[in-house]
Each structure stands twice: as C-alpha cells, then as structure tokens.
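Structure at a glance
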Amino acid sequence: MTAFNDEAVTGDALRRTLGVSRRRFLSTCTAATAAAIAAPVFGATPALAQDRAEAAGYDRGRSALVPPHKRGIILYTVRDAIGRDPLASDLPSGFREVFRQLSRFGYRQVEFAGYGQHVNAPGGADLGTLEGAKLLRSWLDAYGLRAQGSHGFIPPSWPLTPSDLDTFKRFLEISNILGMEHMGTGADPTNTPYRADWDVAAEKWNTLGAIARREGIKLYTHNHDSAYDFLLDGGPLDAQGRPTRSSGIRKLEYFLKVTDRKSVYLELDVFWAHVAQYKFHTYTAHDGSQREDVFDPAALVGRNTSRFPLFHAKDGVVNPQSGLGYDMVPFGTGDIDYRRFFTRVGAKNYHNPMVEQDNAPSASVPGQSLEFARIGYDNLAALRARH
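Residues numbered from 1 in each chain as written. Predicted model: local features only at pLDDT ≥ 70, side-chain atom pairs only at ≥ 80, totals over all residues. Heavy atoms only, no water.

Points about the confidence of the model for the chain
- Across the chain, pLDDT averages 88, with 84% of residues at or above 70.
- In the predicted structure, residues 1-11 sits below a pLDDT of 50 and forms 14 contacts with residues beyond four places in sequence or in another chain.
- Between residues 13-21, whose pLDDT stays under 50, and residues either more than four places distant or in other chains, the model counts 37 contacts. (pLDDT = per-residue confidence, 0-100. Contact = heavy atoms within 4.5 Å.)

Observations regarding the packing of helix 6 (residues 94-105) against helix 7 (residues 130-142)
- Two elements in contact, helix 6 and helix 7, have axes separated by 9 Å at closest approach and are oriented at 20°. Taken together, helix 6 and helix 7 sit at an angle that is classed as roughly parallel. Considering how the two elements wind past one another, helix 6 and helix 7 form a crossing that is right-handed. Where helix 6 approaches helix 7, its residues Phe-95, Arg-96 and Phe-99 are matched on the opposing element by Leu-136, Trp-139 and Leu-140.
- For the contact of helix 6 with helix 7, a count of residues per class yields five nonpolar, no polar and one charged. (Axes fitted to C-alpha atoms, helices over the stretch in contact; angles between N-to-C directions. Helix = DSSP H or I, 4+ residues; strand = E, 2+ residues; numbered from the N terminus. Parallel < 35°, antiparallel > 145°, perpendicular 65-115°, else oblique. Left-handed = near helix turned anticlockwise from the far one by under 90°. Nonpolar A, V, L, I, M, F, W, Y, C, P; charged D, E, K, R; others polar.)

Details of the packing of aromatic side chains
- Tallied over the entire structure, the rule returns 18 aromatic pairs.
- With 6.2 Å between their ring centres and 85° between their planes, Trp-205 and Phe-255 make a pair best called edge-to-face. Taken as a pair, Trp-205 in helix 9 (residues 195-214) and Phe-255 in helix 10 (residues 251-258) lie far apart in primary sequence, 50 residues in all.
- Residue classification places Trp-205 among the buried positions, given a relative accessible area of 3%.
- Using a relative accessible area of 0% as the deciding quantity, one classes Phe-255 as buried.
- One aromatic cluster in this structure is built from Phe-311, Phe-331, Tyr-338, Phe-341 and Phe-342.
- Above the plane of the ring of Tyr-76 lies Arg-79, whose end atom (NZ or CZ) is 3.8 Å from the centre.
- Here the guanidinium or amino end of Lys-218 rests over the ring plane of Tyr-265, the centre of that ring lying 5.5 Å away. (Phe/Tyr/Trp six-rings, centres within 6.5 Å; stacked < 30°, edge-to-face > 60°. Buried < 20%, exposed > 50% of the residue type's maximum accessible area, 1.4 Å probe, protein only. Lys NZ or Arg CZ within 6 Å of the ring centre and 35° of its normal.)

Some thoughts on the pattern of salt bridges
- Applying the stated criterion to the full structure yields 16 salt bridges.
- Arg-146 serves as the salt-bridge partner of Glu-181, at 3.4 Å between the closest nitrogen and oxygen. Here the residue Glu-181 occupies a position in the loop between helix 8 (162-178) and strand 4 (182-185), and Arg-146 occupies one in strand 3 (residues 146-150), the gap between them amounting to 35 residues.
- Residue class for Glu-181 comes out buried when judged on its relative accessible area of 12%. (Salt bridge = Lys/Arg side-chain N within 4 Å of Asp/Glu carboxyl O.)

A few points about the pairing of strand 5 (residues 218-223)
- Counting buried residues along strand 5, six of its six residues qualify, which places the element largely inside the surrounding structure.
- Where burial is concerned, the two faces of strand 5 agree: the one with Lys-218, Tyr-220 and His-222 and the one with Leu-219, Thr-221 and Asn-223 are both buried.
- In this sheet, strand 5 lies alongside strand 4 in parallel orientation, the contact comprising four bridges. When the sheet's bridge partners are listed, Met-183 is paired in strand 5 with Leu-219.
- Chirality of the crossover, the property in question, places the unit of strand 4, helix 9 and strand 5 among those that are right-handed. (Pairing = 2+ DSSP bridges. Right-handed = clockwise from strand over helix to strand, strands pointing away.)

This is the structure we're talking about:
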C-alpha cells in the first residue's frame, strides 16, 4: 500500500463511508461499534459488490490507466438532465434517474456542481440541505456511486463573517453526509495577477483549509486557463504602485508554494491547462527581457502529486483560430493525448479523473449530454498503458 492509500484504513475514511460528521463519529463510535455499523454499508448492494470486484481486478487488465473505481464524471456535464422535468420527458430526469443511468454506463464516482434539480423530480427542487443530502446519499449507495467532490460554497468575505462561516460549515457537513472526500469551488482564489493579492488569497484558503481538514474534508480550487498565467511580482511599478513584470512563476504555482500542502488542494482541468499552454508561453522578466516558458500540465502535477486529488478529464480538437487553441469535444474524441498525460502523472489509485464537457447539453438534442457522458466513460475506460 502506498502513502496515498493510507487513508483507506483510517477513521476518517470509515466516517465518510458512514456519512456522518467527524464530531458525531467520534462521540458515538468506539472502534468496535464503528466496525459493526460499517458492515451493512460495505455490503449494501450488488452494484457495490461489482465495483469492489472490478477495482480489485482493474478490468482484469492491470494496464488500465484509470482503474474502474476511479472513473468519474462531474454532474455539470449532464446538468440539463438533472434539471429536466420528469413529467414532461421519457429521458432520465433528476438526480435519482441520472445516477441510475451513469451507473449503467459504468461510472463509479460523481462530482457535484450544486444540489438543485427540477421541482417535479423526487425530493423536490433543492437538495442542498442536511435532509436532502441524506436522500442523495441513499441514491448514490443504491446505484454503487461515490460522491468524490463538489463545487460547494467558498465564503466571499475575508475576514470571514459569522454568516459565511456558518454556511461554509454547513456545506462541509453536507459533504460528510454524502461521504465525499473533497469540497471545492469552480473559481480562482483571486482574479488578479499580483503577488500581494495571491498572498491574501493564500491566507484565506489556509484558514478555510484548516477548518475543512478538521472535518475530514480536503478543500480544493478548480481553475481555468487564466490561473496558469504568469504572476506579476517585480520590475518597475505602475502608477498604482503595482508590479509590471514576472519572475516566471505562474499564479497557481505560487499558490501551491504559499498554502498548506495538508489543507489546500487543486483540481486540474486538463483542457483549460492545455489552453494555458497555448496562450501563456512568454513573459517579461524583471530585467525587461522576453523569456519563453511553455506550460507543462503533467509536469506540474508530477512535482505536486498529492496536491492534485482531482482532474477534470475534458477533451478538445486543436483550432488555433478559436483564440483558445482548442474546441471542446466529447472526452476521447479530441487531440489531447490523455494516454500520455495519465502515464506521466502516475499515482492512478490516488487521482480521481472526472469526465467533463461544458457544452454537452443541447436544447435541440435533449439526450445529447447523457450520450456524451457514455462516450466519455467508454473512452476513459479504454485508456491503456503502452507496453
């Protein structure tokens, strides 16, 4: 067992399996009692038994780059299906039926992007409550799915207001009920290029990360291309007294250096990281010279393996005319070399790739997002190491 798997035998892992908070777990369970309570959860359904058998054999082909139990999807990809009126469509609608369909495709993990669905779906419109989370957890368990993360609530205030802190803690409790290991956000820690602002963001995230860690949750930030642009941290100052040149370190690279490695984590969106590779390859150094440094997403992960528990597995076709370098397409149908990427980052039993396609929903083709989800799963499962 590697260091990345040690948590599988700790109380925190058991607590998440049970779906209870750290406080409730510690106050109600001795080790023996916890083991007794856990027994029916681990053996709950044939789907879960199948998942464990698949995980043990890795599809009976150990060259799979993404093991079956690590194949996930962020629910943002199928947001139209979750929000669909079940009374007006024969297609899967709402969380429960979407979970059922994703499980049939083969997925074993999901990442939430909010807890809202159509009002006519089982459970009603808002499942972002403690009771709603318990209902979601029952459906996840029924279909052999694990909630691995969520784009939850990150307080906008700093210093934290009492109201924001209470909301943050409530989202952590929901995360624990759902049994997830991670909670994060889809926004950058700050939207400026200046080091001073990233220092403030790091202070805030270290505080939030420590709170989350006490509840057994890893706090993560999910980022698009701009967070991999170069940090402005020196050279002549502008009229507002701000730096205009760079040492060559990228914003998120700096963020990794100044945040607690045991409390603050990142989710790499592989598509947007490749957009950053296309867009941000030259910077003005402190001495005014132009320097080239092409971004290497896999190398960044390799240098900081434990800081990247989650990926968004999103694909694109090269298109220099797009302004981004790529056009987004279903996973496995584009030009991003995922076999090489997953081979280089390694630690396949630690990282959790979530298939994502921002543009999967279609008003004219109501079933498109679920079909693209199926294609994404098949292509993720098909990735094999070279021999």
